[in-house]
Amino acid sequence: MINQVITYLKGFSQEQRLWIALAGLILGYIIYNRKQYVNLFDAAVIASEESFKHGDNKRKLNAAVKFITYRTDKLPYPARILIRKFFSRERIRKGIEKALQKFSDVFGTGRKIDIEEAENVEE
């Protein structure tokens, strides 16, 4: 097995081997300092979650829903219903939550994401 790897690596040029070594060093550094990055990713997820609860992103979400409602007014009734059902506030919110949850699961500690708490305060 090791001989196969060495034989495979011999097929690379010196420059390619240097790039592979550099990539290995960077990956090793990230793995070695994983705890630091986990905390950084968790802080980013928490900031995003709070922004969707109380900040500018909540206003952007409301504006997106109003935009969809306004733009679909002139469409035929069946198309209007389908589009509004597909791009409802709840579906958009769930999509954002799912994306943040995946980010937290993969890079962070997997904390539970819930941007719904303050959702109905400004409506």
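Residues numbered from 1 in each chain as written. Predicted model: local features only at pLDDT ≥ 70, side-chain atom pairs only at ≥ 80, totals over all residues. Heavy atoms only, no water.

What follows covers the overall build of the protein. The secondary structure content of the protein amounts to six helices and zero strands. Taking the principal axes of the C-alpha coordinates as reference, the protein spans close to 65 × 35 × 25 Å. By the burial criterion, 20% of the 123 residues in the protein qualify as buried. When the accessible surface of the protein is split by element, carbon and sulfur atoms take 63% of a total near 9,600 Å². Seen as two clouds, the 22 positive and the 15 negative side-chain charges of the protein have centres 6 Å apart. (Helix = DSSP H or I, 4+ residues; strand = E, 2+ residues; numbered from the N terminus. Buried < 20%, exposed > 50% of the residue type's maximum accessible area, 1.4 Å probe, protein only. Areas by Shrake-Rupley, 256 points an atom, 1.4 Å probe, with all protein chains shown as cover. Lys, Arg positive; Asp, Glu negative; His and termini not counted. Charge placed at Lys NZ, Arg CZ, Asp CG, Glu CD.)

To continue, consider the confidence of the model for the protein. Looking at the protein as a whole, the pLDDT averages 79, with 93% of positions reaching at least 70. Taken element by element, the predicted model of the protein shows its lowest mean pLDDT in helix H3 (residues 34-54) (77) and its highest in helix H2 (residues 14-32) (89). (pLDDT = per-residue confidence, 0-100.)

Attention now goes to the nonpolar core. Ranked by size, the top nonpolar core spans six residues in total: Val45, Phe52, Ile96, Leu100, Ile113 and Ile115. Contributions of two or more residues to this core are made by H3 and helix H6 (89-107). Dropping the residues within four chain positions of it, Val45 is found in contact with Leu100, Phe103, Ser104 and Ile113. (Core = buried A, V, L, I, M, F, W, Y, C linked by side-chain atoms within 4.5 Å. Contact = heavy atoms within 4.5 Å.)

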